[in-house]
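Structural overview
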Amino acid sequence: MEMEISVYNDIWMDNAVENFYRLIEDSEEELEINLNKTEFTLGNVDKEDLGSLLSDIIQENRNNLIVMDKDKKTGEIKEIKKDFVLIQEGKKIDGIVAFKENIYTESEKSVKEILDLMEKDGKKTCVLCGKTFSKPFKKMQQATYPFVTKIKSLSGIRTYKDGTFYAFKEYHDSFCPTCYLIGILEWLDDRVIYRTFPGDRTFLFLPYFDNFEDLAEFKGGYEPLLNKSERYSNIRVNIGENKTEGTPGKFSTLLCFYDKFLFDIENTNIIGGDWAIIEVPFGSVKNVKLRLLNLTDSTLGLMKEFIEDTESRIYTELIKEIYFFIDNPKGAPVDWDLTRKIQEKLSEYFLINDFTHFARMLLPKKGGRVGYSSGTRKNLENLIYVWRLKEMGIPKESLNSIKGVGNIIAKVSRNNLSILYKLDKTKRIEDFWSVLREVSRKLVGLDLEKAKVRPTALDELIQLIKEDESQWKEIRDLLIVYASMYYAIGSRGGKKNE
Ligand SMILES: [Zn+2]
């Protein structure tokens, strides 16, 4: 028999085709198999041989769906289905997960039935691939296509028949055995990035491209970064080691991934920037959410540039090293909840290229302040340099003026944060001038020698803004970052790891 599958332009199915190809390719059977930009083909293969090959592949790779863990009561080692796998599970028998999807329990029999059905043409038209077929193997369900949902906006695959939508039932029945086979086997794909928060939700990350070749090259490239044996996270801390990262959220997970990808993977021609993030809730009803994230070329370029210039990682050596310190000298020094929220938000604002909000996350807050080590501060300054200053074309002497004023603001804010907050809230240039005037007034009351500030920086900054008023918002954001930075340096929090 033969197979021919064209690109679906569907995130789940295209990843599934690429995975199907890779599974067969990795089996090292000599088959006429090919994946080009737009098509997967498998030619001239004996149906029975293919059937037994596929059922072997399924059994050998089934461990991608489970982890091994100790039973809390008996101490026995048993299988646990990964939290996000959308295949229903029956009662475990001898510690083995019983999937309610026959292809994973009686692989040989199911695969044979599917291949038989695939050979028969008929009058039905598949809603996913558009090909005709005779009879479905199973109707469309979340296990084969996670985006099947009663929420219309998420279903994404409505088709027309005589000018009207397919009826709901018909729509689920119009699912060909080929799409079933491809879709259900995507769970064997060990290049799907995941991060599970126990009892809460999982984020799955699937890359997407408009063609199979780039998709296959990108996924093949980053495969060594992932460890499928861990339950809650599969991005390895270090390549070649089992331990995985405990990132605080979805954006930090993605940023952490790029840290490793750009740092540890050599010869990367293809760097994907388009992701589908599937959010799978914990619990028995799994209404998944889908979010598409398209990183711009400039964000990808920025990450590369930072890593090449500084040989440092943006997530693990910068954002992950930023903490929130509580102003209570006797209590716990770090507010871990808030720290993780700040780390996640910093990752998000970096990835979506929003410097204003990124800067705002570094502001001191009531009851505490953001702090980091001097090494981390250096990385932060380097990031600001490649992210903002280079792009704005700000020369070095002007940077010194901005930093100088940042330092002044930090010092006059030492006992009263209102100026920093006012600066953060400025929406018009008039308000900005008024904040700078207030800073100038407060400077008078400062012991300049003790505070180690340079008052002339203020005049230089005013001159700089007057030269090009359109840049005032950028300069405001930079002032917030530097003022927060100097504020942190002068505090207990800033001394950590120094
Ligand atoms: Zn189909």
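To start, this report covers the structure provided alongside it. Quick caveat: nothing in here was measured; it's all calculated off a predicted structure.

**Quick notes on helix α11 (residues 336-351)**
Think of an α-helix as 3.6 residues a turn; residues three or four steps apart then line up on the same face. The end-to-end C-alpha separation of α11 is 22 Å, in line with the 22 Å expected for 16 residues at 1.5 Å each. Residues T339, I342, Q343, E344, L346, S347, E348, Y349, F350 and L351 constitute the buried set of α11. On its buried face, α11 is in contact with α9 (250-264), α10 (297-310), β16 (323-326), α12 (355-361), β17 (368-371) and α13 (374-392). Immediately downstream of α11, the backbone of N353 shows phi near 60°, a positive value.

**Observations concerning the packing of helix α2 (residues 47-61) against helix α4 (residues 107-118)**
Between two packed helices, both the angle of their axes relative to each other and the distance between the axes serve to describe the pair. For the pair α2 and α4, the least separation of the axes is 9 Å and the interaxial angle reads 135°. With respect to α4, the element α2 is oriented oblique. Helix-helix and strand crossings are classified by hand; for α2 and α4 the assignment is right-handed. In this structure, α2 contributes K47, L50, G51, L54, S55, I58 and Q59 to the contact, and α4 contributes S107, E108, V111, L115 and D116. Of the residues belonging to the contact of α2 with α4, the class tally is five nonpolar, four polar and three charged.

**Remarks on the coordination of the zinc ion**
Those donors, C126 (SG), C129 (SG), C176 (SG) and C179 (SG), are the protein atoms that reach the zinc ion, and they lie 2.2 to 2.3 Å from it. With four donor atoms in place around the zinc ion and angles of 106 to 114° between them, the coordination shape is tetrahedral. If you list the donors of the zinc ion from N- to C-terminus, the spacing comes out as C-x2-C-x46-C-x2-C. Residue C129 is found in the loop between β8 (124-125) and β9 (132-133), and its partner C176 is found in the loop between α6 (168-173) and α7 (177-185); the two are separated by 47 residues along the sequence.

**Brief notes about the packing of aromatic side chains**
Here the structure, examined in full by the defined rule, presents 27 aromatic pairs. Where Y323 meets W336, the ring centres are 5.7 Å apart and the plane angle is 90°; that geometry is what we call edge-to-face. One end of the pair, Y323, is in strand β16; the other, W336, is in helix α11, with 13 residues separating them in the sequence. In this structure an aromatic cluster arises from ring pairing among F209, F218, Y222, F257, Y258, F261 and W275.

**Re unusual backbone geometry**
With a phi angle near 50°, D94 is a residue other than glycine that sits in the positive phi range. Within the secondary structure, D94 sits in the loop between β6 (89-93) and β7 (96-99). D94 gets classed as exposed once you look at its relative accessible area, which sits at 76%. We note that E311 has phi near 50°; this positive angle belongs to a residue other than glycine. Among the structural elements, E311 can be located in the loop between α10 and β16.

**Some points on empty space enclosed by the protein**
For the structure on display, the rule yields two cavities of 30 Å³ or more. Taken as a whole, the largest cavity spans an internal volume of roughly 110 Å³. In terms of lining, the largest cavity is formed by 13 residues, of which the most central are N64, F84, W187, D189 and V192. A class-by-class count of the residues in the lining of the largest cavity yields seven nonpolar, two polar and four charged. Empty space within the second largest cavity amounts to approximately 40 Å³.

**A short note on the pairing of strand β5 (residues 77-81)**
Judged from the five bridges that link them, strand β4 (residues 66-70) and β5 form a sheet pairing that is antiparallel. When the bridges of β5 are listed, M68 appears paired with E79. Between the antiparallel neighbours β4 and β5 lie six residues, among them G75 with a positive phi of about 80°.

**So, the sheet that holds strand β2 (residues 32-35)**
If you trace the three strands from one edge of the open sheet to the other, you get β1-β3-β2, paired in antiparallel fashion. Unpaired on one side and paired on the other, β1 (3-6) and β2 mark the two borders of the sheet. Shown here is a sheet whose adjacent strand axes are inclined to one another by a mean of 0°, direction ignored. Direction of pairing for β2 relative to strand β3 (residues 39-43): antiparallel, over a ladder of four bridges. Residue pairing in the sheet places N34 in a bridge with T41 of β3. Helix α8 (residues 212-222) rests against β1, β2 and β3 of the sheet, and its axis sits at about 95° to β2.

**Description of the sheet that holds strand β12 (residues 193-197)**
Strand pairing in a sheet relies on backbone hydrogen bonds, with the paired strands running either antiparallel or parallel. Here we have four strands laid out as an open sheet, ordered β12-β13-β14-β15, and antiparallel in their pairing. A strand with exactly one partner marks an edge of an open sheet, and here the two such strands are β12 and β15 (289-294). Pairs of neighbouring strands in the sheet enclose a mean axial angle of 20°, with direction left out of account. Relative to β15, strand β14 (residues 274-281) is paired through six bridges, and the arrangement is antiparallel. Pairing of W275 across the sheet is with L293, part of β15.

**A word on α4**
When the terminal C-alpha atoms of α4 are compared, their 16 Å separation across 12 residues agrees well with the 16 Å that a helix rising 1.5 Å per residue should span. Those residues of α4 that fall on the buried side of the exposure criterion are S107, S110, V111, I114, L115, L117 and M118. Down the axis of α4, the smallest arc covering the buried residues is 160°, so these residues share one side. Residues of α4 that are buried make contact with β1, α2, α3 (102-105) and α7.

Rules and cut-offs
Residues numbered from 1 in each chain as written. Predicted model: local features only at pLDDT ≥ 70, side-chain atom pairs only at ≥ 80, totals over all residues. Heavy atoms only, no water. Helix = DSSP H or I, 4+ residues; strand = E, 2+ residues; numbered from the N terminus. Expected span 1.5 Å × (residues − 1). Buried < 20%, exposed > 50% of the residue type's maximum accessible area, 1.4 Å probe, protein only. Contact = heavy atoms within 4.5 Å. Axes fitted to C-alpha atoms, helices over the stretch in contact; angles between N-to-C directions. Parallel < 35°, antiparallel > 145°, perpendicular 65-115°, else oblique. Left-handed = near helix turned anticlockwise from the far one by under 90°. Nonpolar A, V, L, I, M, F, W, Y, C, P; charged D, E, K, R; others polar. Donors = N, O, S within 2.8 Å, 3.2 Å for Na, K, Ca; no water. Tetrahedral: all angles 85-135°; square planar, octahedral: opposite > 155°, others 65-115°. Phe/Tyr/Trp six-rings, centres within 6.5 Å; stacked < 30°, edge-to-face > 60°. 1 Å grid on protein atoms, 1.4 Å probe; cavity = no way out; pocket = protein on both sides within 12 Å on 5 of 7 lines; lining within 4 Å. Points joined across faces, edges and corners; volume = space filled by probe spheres on them. Pairing = 2+ DSSP bridges. Arc of directions from axis to C-beta.

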